[in-house]
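# Summary of structural features
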Amino acid sequence: MDAAMNEAMAATTITDPQTPEEREKMIEEALSCPCVADVKEGPCGEAFVGSFACFIRSEETDKGSDCIEHFKMLQECMMKNPDAFQEFFTERAEKEGGESKPEEKEGGAKAEESG
């Protein structure tokens with residue numbers, strides 16, 4: 001993770017802003033991070049900003065439980081625009097399970113099945 005992403009995450013987890021002004025400042029600062037620029041400016045930017053802001057503003061005991069509609073809108077947008085998130089999912093899959101799955105290698109046969 002790059003330094004900007006770590007900084008943005010730290011800003012949202014270290015303290016829980018107590019006043020509406022602190023919450024709005026946190027939202028503004030986090031959304032100005034270059035690490036979210038692609039999502040913010042992409043086809044689901046409005047839904048992303050709405051979901052994020054709702055979560056930060058949430059005062060529910062189960063933080064964000066009052067943001068379900070925002071989260072659903074973001075999920076629907078992501079499902080309608082999978083190409084906009086392909087790079088993210090590819091990078092995540094590579095980190096979690098290597099470059100590719102055995103069945104995806106040349107010829108479509110699993111490596112352990114040859115021979």
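Residues numbered from 1 in each chain as written. Predicted model: local features only at pLDDT ≥ 70, side-chain atom pairs only at ≥ 80, totals over all residues. Heavy atoms only, no water.

### Description of the overall build of the protein
Looking only at helices and strands, the protein has 6 helices and 0 strands in total. Residues counted as buried form 22% of the 115 residues belonging to the protein. Considering only residue pairs separated by 6 or more positions, the protein has 40% of its internal contacts joining residues 24 or more positions apart. Put simply, the protein shows about 8800 Å² of open surface, and 52% of that area lies on carbon and sulfur atoms. (Helix = DSSP H or I, 4+ residues; strand = E, 2+ residues; numbered from the N terminus. Buried < 20%, exposed > 50% of the residue type's maximum accessible area, 1.4 Å probe, protein only. Contact = heavy atoms within 4.5 Å. Areas by Shrake-Rupley, 256 points an atom, 1.4 Å probe, with all protein chains shown as cover.)

### As for a nonpolar patch on the surface
Taken together, the side chains of Phe55, Ile68 and Phe71 make up a nonpolar region of the molecular surface, amounting to roughly 240 Å² of accessible area. Mapped onto the elements, phenylalanine 55 comes out in helix α4 (residues 45–57). Accessibility expressed as a relative area gives 34% for phenylalanine 55, which makes it partly exposed. (Patch = residues over 30% accessible without salt bridge, like charges linked within 9 Å, V, L, I, M, F, W, Y side chains within 5 Å. Salt bridge = Lys/Arg side-chain N within 4 Å of Asp/Glu carboxyl O.)

### Some words on the nonpolar core
Core analysis: the largest hydrophobic core is formed by 14 residues, its most contacted members being Ile27, Leu31, Cys44, Phe48, Phe52, Ile56 and Leu74. Those elements giving two or more residues to this core turn out to be α2 (20–31), α4 and α5 (68–80). Ranked by residue count, the leading element in this core is α4, at 5 residues. The residues contacting leucine 74, other than those within four sequence positions of it, are Cys44, Ala47, Phe48 and Ser51. (Core = buried A, V, L, I, M, F, W, Y, C linked by side-chain atoms within 4.5 Å.)

### Concerning the state of the cysteines
Inspection of the entire model under this criterion finds 3 disulfides. One disulfide in the model links cysteine 33 with cysteine 35; its S-S distance is 2.4 Å. Its torsion about the S-S bond being 130°, the disulfide of cysteine 33 and cysteine 35 is classed as right-handed. On the accessibility criterion, cysteine 33 (8% relative accessible area) is buried. Judged by relative accessible area, cysteine 35 falls into the partly exposed class, the value being 26%. (Disulfide = S-S within 2.5 Å.)

That's the geometry; what it means functionally is another story.
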